[in-house]
Amino acid sequence: MNMQHTFKNLIIVFFGLLPLFCPISTGIIKSSPEALKTAAGVPLIILIFCLGYFFKGSYRPYLKRNSIKFFLLFLGWCLLSLSWAINPYDGLVMVMPWVGAAFAYFVIAKNLNSKEDVSLFLKVLAFSGIAAGAIGVMQFIGNFSFFNQAAWPGSTFGNKNMGAQYMVLTLPLVFANFFNARDWRREVSWLLGVSVMIIYILFVHSRSSFLSIIFQLTLFSGYCFWQYRKNNHVPFFSKRKLKFLAATLAFIILSINLSSKGFDSLSKRVGSITDEATTDFKSANPRISYYANSLYMLKDHPLGGIGVGNWYATYPLYHDKVLKDKLFNNKVKVSRLHNDFLELFVTTGLVGGILFLAFLFFMFKETIYLVCRPEVENKTLLVFMTLGMAGFLVFGNFSFPMQVFVPMIMILTYNGVVAGSALRLGEEKAETLDKYLLPKKIVSFSAFALVLIMGYRFLYSTHNYFNGKVFDGKMKRGKRARYGRELVKYGKISVELNPYNWRGALLLSKGHHYLNNNKEAHDSLKTVLKYNPYNNTILNNIGIYSLKAGLLKETIEYWERAKLNHSDPNYVQKMNNNIKALKNALKRKSMAHK
């Protein structure tokens, strides 16, 4: 019993630390936090799952629930789609967190098997949201960052939108603990946490998070109205709590006004949500062309899609099919559609999209059925947890939560809480087995070993790639030969580990180029071009290396393909001039031989 209690505490601590997992990049490892979380987090979740076999109880009852059935079918279809994807490596990178999410569901559903376990677990997740929000606020005020930031201030996520999304997922849990508190000191403490998280959301000006919170408030108001009509009283609220909430709102407004950037910038951002302001907002209009062109991709691949994780690899073929993507060029190419639900349909087809929508439908159906039961345990926590789950539906339409580690883990974790709570209500009879067959253990540990190896290879290759980037930067300051050899060294390791990852091959080609081995630079990129045939960066660079290696015909071929995937007329004209000059050179060379 003590061992099982320790195991539960391990689960609670691990999932509570998800947003803080591997947040610091030390030395020359400058990967994004999400990549590190994926590489290390998925094997750890599966390890926790496997350790659960040492305790009584079966995972089988939870497998019978419709939500997890459809999620597993969706996951299987995604893995199958890798067989027709151009770049299976990028698809595998995207699927890995979903594999971890599936295992997380069973870990939570089976092992948090009491009211107290669930209450503590959700409280720890609430604290994790407060901690992440506090780090983000300090980044904004103190203008510091102790790890790589893709969009500052990203808290522990490296991207401000990812940080704000975690607030949306966990902020309702903080409110739930406030409403559950009976002592004014605890109420004030939880409201301080609420203030920190909301201030962070306001600082980062995440439109998707604004809309998600509005959607959550609308659902919460509807639930309160329904309870009032049903029981003739409004749940959760009391006079003291209303006073505290009003004081919290005043504190948040005052705090935002103390910032020179805060309130004024916030009003502009909120205004960008309206139709009038959106026409001038830089990030809104280009997405219209992304969406329209992506729908054309779905038209061409309706059933199976283009392969999970391969939107970026295929989009260059479609960047001007419906609406011309004016930002698309050799330097600027959007890597994500910023609408996960649409991208999911495009990459996995109608089959994968319908399977995922079925998963969402049954997940919310099971959740709503549970919270409507009068005898359900942890009623307040479950109601507000449902609001956190609902926020996912909104920000998934404006960002890419399914493509990073934490949000999908959280959704399946919440679903696991629902499944475990429903079974304890006697909705289904849980099976208890004292012994397990050896094949089950072999299958589970084999799955763990497989994902552990994939995670290690992904992390090690990421390390080598960014290691190479450091030397690439030092090239400009001299000592080309020395750093060129280092770049070749790390580029080779990255390519060997992940042959589909074009970024590693690009570093390898740069290393050869710095060593004046342009033929090797050309060959390095030519191999990876097979898996990334529409990548403008590769086409442009391989054309340069071909030219320097004296391969004029191949240079013309690559640059002809590169200009087709480019929307900048100046670039296209420049490429046309270069191609014309090369053709003339080839003509003169041919005549000289005659």
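Basis of the calculations
Residues numbered from 1 in each chain as written. Predicted model: local features only at pLDDT ≥ 70, side-chain atom pairs only at ≥ 80, totals over all residues. Heavy atoms only, no water. Helix = DSSP H or I, 4+ residues; strand = E, 2+ residues; numbered from the N terminus. Buried < 20%, exposed > 50% of the residue type's maximum accessible area, 1.4 Å probe, protein only. Contact = heavy atoms within 4.5 Å. Areas by Shrake-Rupley, 256 points an atom, 1.4 Å probe, with all protein chains shown as cover. Phe/Tyr/Trp six-rings, centres within 6.5 Å; stacked < 30°, edge-to-face > 60°. Lys NZ or Arg CZ within 6 Å of the ring centre and 35° of its normal. Axes fitted to C-alpha atoms, helices over the stretch in contact; angles between N-to-C directions. Parallel < 35°, antiparallel > 145°, perpendicular 65-115°, else oblique. Left-handed = near helix turned anticlockwise from the far one by under 90°. Nonpolar A, V, L, I, M, F, W, Y, C, P; charged D, E, K, R; others polar. Polar contact = N/O pair within 3.5 Å; in protein donor to acceptor, adjacent residues only side chain to side chain. pLDDT = per-residue confidence, 0-100. Salt bridge = Lys/Arg side-chain N within 4 Å of Asp/Glu carboxyl O. Expected span 1.5 Å × (residues − 1). Bend = angle between axes of the 7 residues up to and from the residue. Patch = residues over 30% accessible without salt bridge, like charges linked within 9 Å, V, L, I, M, F, W, Y side chains within 5 Å.

(A) Focus on the overall build of the protein. Tallying secondary structure elements over the protein gives 24 helices and 0 strands in all. Across the 594 residues of the protein, 55% fall into the buried class. By sequence separation, contacts in the protein at least 24 residues apart represent 75% of the contacts at least 6 residues apart. Entry remark: accessible area of the protein is about 26700 Å², with carbon and sulfur atoms responsible for 63%.

(B) The arrangement of the packing of aromatic side chains in detail. Under the counting rule described, the total for this entry stands at 36 aromatic pairs. Consider the rings of phenylalanine 49 and phenylalanine 103, whose centres lie 4.8 Å apart with planes at 75°: the pair is edge-to-face. Of this pair, phenylalanine 49 sits in helix α2 (residues 33-51) while phenylalanine 103 is found in helix α5 (residues 88-111), placing the two residues 54 residues apart along the sequence. For phenylalanine 49, a relative accessible area of 7% translates into the label buried. Classification of phenylalanine 103 by relative accessible area gives buried; the value is 16%. An aromatic cluster of at least three residues, connected via ring pairs, comprises Phe71, Phe74, Trp98, Phe341, Phe356, Phe359, Phe392 and Phe395. The cationic tip of lysine 110 hangs over the ring face of tyrosine 59; the distance from NZ or CZ to the ring centre is 4.6 Å. The positively charged end of lysine 299 is found above the aromatic ring belonging to tyrosine 296, 5.0 Å away from the centroid.

(C) Quick peek at unusual backbone geometry. The phi angle at asparagine 232 is positive, at roughly 65°, despite the residue not being glycine. Looking at the element boundaries, asparagine 232 is found in the loop between α9 (207-231) and α10 (239-257). Of note in this structure, asparagine 516 is not a glycine but carries a positive phi near 65°. Overall, asparagine 516 belongs to the exposed group, its relative accessible area being 64%.

(D) Layout of the packing of helix α21 (residues 518-529) against helix α23 (residues 552-564). With their axes 14 Å apart at the nearest point, α21 and α23 run at an angle of 45° to one another. In terms of orientation, α21 lies oblique with respect to α23. Where α21 crosses over α23, the two elements pack in a sense that is left-handed. Across from His522, Lys526 and Leu529 in α21, the residues of α23 making contact are Glu554, Tyr558 and Arg561. Across the contact of α21 with α23, the residue classes break down as 2 nonpolar, 1 polar and 3 charged.

(E) Quick look at the side chain of lysine 563. Note that lysine 563 resides in helix α23. In terms of polar contacts, lysine 563 uses its side chain to reach the side chain of asparagine 576, at 2.5 Å. When near neighbours in sequence (up to four residues on either side) are disregarded, lysine 563 contacts Tyr571, Val572, Met575, Asn576 and Ile579.

(F) The confidence of the model for the protein, seen in detail. Overall, the prediction assigns the protein a mean pLDDT of 83, with 81% of residues at 70 or greater. The low-confidence segment residues 24-30, where pLDDT is below 50, has 13 contacts with residues more than four positions distant or belonging to other chains. This model gives residues 428-438 a pLDDT under 50, and the stretch forms 25 contacts once residues within four places in sequence are excluded.

(G) Looking closely at the pattern of salt bridges. This structure, assessed with the given rule, holds 12 salt bridges. The shortest N-O distance in the salt bridge between lysine 241 and glutamate 187 comes to 2.6 Å. Residue lysine 241 is located in helix α10, and its partner glutamate 187 is located in helix α8 (residues 184-204); the two are separated by 54 residues in the primary sequence. On the basis of relative accessibility, which here comes to 1%, the residue glutamate 187 falls in the buried class. Through salt bridges with shared partners, a single ionic network connects Glu187, Arg240 and Lys241.

(H) Spotlight on helix α15 (residues 340-371). Given a rise of 1.5 Å per residue, 32 residues ought to cover 46 Å, yet the end C-alpha atoms of α15 are separated by just 28 Å, more than 12% below that figure. The largest bend in α15 comes to about 130°, at glycine 349. Taking burial as the measure, the 32 residues of α15 include 24 buried ones, the bulk of the element.

(I) Local environment of the environment of alanine 419. Note on placement: alanine 419 falls in helix α17 (residues 405-424). Alanine 419 sits in the buried class, given a relative accessible area of 1%. Distance in space between the C-alpha atoms of alanine 419 and alanine 109 is 5.8 Å, their sequence separation being 310 residues. In this structure, alanine 419 is in contact with Tyr62, Arg65, Tyr105 and Ala109, ignoring residues within four places of it in sequence.

(J) Inspection of a nonpolar patch on the surface at higher detail. A contiguous nonpolar patch, built from Trp184, Val188, Leu192 and Phe251 and spanning about 370 Å² of accessible area, is present on the exposed surface. Top contributing element to the nonpolar patch by residue count: α8, with 3 residues. Structurally, leucine 192 can be placed in helix α8. For leucine 192, a relative accessible area of 48% puts it in the partly exposed group.

(K) Spatial organisation of helix α1 (residues 2-16). With 15 residues, α1 extends 21 Å between its outermost C-alpha atoms, agreeing within 8% with the 21 Å of an ideal straight helix rising 1.5 Å per residue. Those residues of α1 lying buried are Gln4, Phe7, Lys8, Ile11, Ile12, Phe14, Phe15 and Gly16.

(L) Inspection of the side chain of serine 524 at higher detail. Relative to the helices and strands, serine 524 is located in helix α21. With relative accessibility at 13%, the residue serine 524 sits in the buried group. A polar side-chain atom of serine 524 sits 2.8 Å from the main-chain carbonyl oxygen of glutamate 520. With residues up to four places along the chain from it excluded, the contact list for serine 524 reads Ala505, Leu508, Ser509 and His512.

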